Amino acid sequence: MNPFQFTRVTTPKAAISAVTKESGTYFLAGGTNLIDLMKREVIVPERLVDINKLPLATIEKTSTGLRIGAMAKNSAVAEHELVKKNFPLLSQALNAGASAQLRNMATVGGNMMQRTRCSYFYDNSMPCNKRSPVQAGPDKGQPNGPNGCGAIGGYNRMHAIFGTSEKCIAVHPSDMCIALVALDATVNVSGPKGDRTIPFVDFHRLPGDMPQKDNTLQPGELIMSIDLPTNDFAKNSHYLKVRDRASYAFALVSVGAGVDMKGKTMQNVRLAMGGVAHKPWRLTEAEQFLKGKPATEDNFKQAAALAMKGAKGYGENDFKLTLAPNSIVEALKIATKTA
């Protein structure tokens, strides 16, 4: 076991101060992903800052929608009456993720910060640019194993088909985040330079040349809460998760669909996918195509075809090129109750 220091804080200000004092410091919330990373020595922290005492677990109605504290447990959010009534897509996505035991420990903020489950990322003996990015300096040492992307040309059945780069084809593993990007959520953060708000669609990053960076947080910033704006998707929404087994499995492909229906016409549509990219993948072109059209299978298929523009398989994940559009059609049929 690698030794580390442990600090417990009770205010956001103290948490931010503690994590900015020295490198190698990480916030500890539920720990459902961080502890796994520590066990595999993917992350070797110098200090953990326990933020479980922070008063950030409230779920409350606001003048514009709903605010969910970053320390709210996944299970508490999924079963909250305001969420189930007004944002059922979020409740469905949370209940589709992990096991009940993990949902009872995992927090909203931690869920957003979880790392990819790519097997190359978790194995220090295998090449991974996310775990071991090329270092600056004359020695360019790799403290966490060799760099490169083992998944390209390797075992890549679970990997991305959108937004990839030659450096990384890993996927973001969260179910919750797919619903949040579809629901136009915003993220409220606080850091050494003050407070700011980030549209959820901009919170996570594509790999590009820096796959080690999963999100757009600045050093020392702490997620405070998530804001969900009021919408008209409550009656017609569905989270479809296609996986290898019925529970406790990450998505091969998932689709979050929210539709505002007037009769048989789709007034407004929100679509996002999981299991296909390094970040939650919003399908804006498909949304615009469906807006104002009748809820028919033919329109769903045309929207799915638009959504697949730019998709690329890497061998073992080529099946996603068929599974993904079929999943979009199925999610829309269920959401609009035309299945």
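Residues numbered from 1 in each chain as written. Predicted model: local features only at pLDDT ≥ 70, side-chain atom pairs only at ≥ 80, totals over all residues. Heavy atoms only, no water.

1. Concerning the overall build of the chain
A count of helical and extended segments in the chain gives 13 helices and 12 strands. Over its C-alpha atoms the chain spans a radius of gyration of 20 Å, differing by no more than 12% from the 20 Å that the globule rule assigns to 339 residues. Along the first, second and third principal axes, the C-alpha set of the chain runs to 60 × 50 × 35 Å. In the chain, which comprises 339 residues, the share counted as buried stands at 52%. Of the roughly 15400 Å² that the chain leaves accessible, carbon and sulfur atoms contribute 52%. (Helix = DSSP H or I, 4+ residues; strand = E, 2+ residues; numbered from the N terminus. Rg over C-alpha atoms; globule rule 2.2 N^0.38 Å. Buried < 20%, exposed > 50% of the residue type's maximum accessible area, 1.4 Å probe, protein only. Areas by Shrake-Rupley, 256 points an atom, 1.4 Å probe, with all protein chains shown as cover.)

2. As for the nonpolar core
Counting residues in hydrophobic clusters, the biggest one holds 37 residues, and the most contacted among them are Ile68, Val77, Leu90, Met112, Val187 and Leu228. For this core, the secondary-structure elements that each account for two or more residues are strand E5 (65–69), helix H3 (74–79), helix H5 (88–95), helix H7 (108–113), helix H9 (176–182), strand E6 (186–191), helix H10 (200–203) and strand E8 (222–229). At 7 residues, H9 tops the list of elements feeding residues into this core. Among residues more than four places away in sequence, those in contact with methionine 112 are His172, Met176, Cys177, Val187, Phe200, Phe203, His204, Ile223 and Ile226. Listed in part, the 31 residues of the second largest apolar core include Leu252, Val255, Ala286 and Leu332. (Core = buried A, V, L, I, M, F, W, Y, C linked by side-chain atoms within 4.5 Å. Contact = heavy atoms within 4.5 Å.)

3. Quick word on the packing of aromatic side chains
Applying the stated rule across the entire model yields 3 aromatic pairs. Aromatic side chains phenylalanine 162 and tryptophan 281 sit 5.1 Å apart centroid to centroid with 10° between the ring planes, which places their arrangement in the stacked category. A residue pair is termed long-range when its members are at least 10 positions apart, and phenylalanine 162 in the loop between helix H8 (119–122) and H9 and tryptophan 281 in strand E12 (residues 281–282) qualify at 119 residues. With a centroid separation of 6.3 Å and an interplanar angle of 20°, the aromatic rings of phenylalanine 200 and phenylalanine 203 are classed as stacked. Of this pair, phenylalanine 200 and phenylalanine 203 are both found in helix H10, 3 residues apart, which corresponds to roughly one turn of the helix. Each member of the pair phenylalanine 200 and phenylalanine 203 is classed as buried. The ring centre of phenylalanine 289 lies 4.3 Å from the NZ or CZ of lysine 293, which sits over that ring. (Phe/Tyr/Trp six-rings, centres within 6.5 Å; stacked < 30°, edge-to-face > 60°. Lys NZ or Arg CZ within 6 Å of the ring centre and 35° of its normal.)

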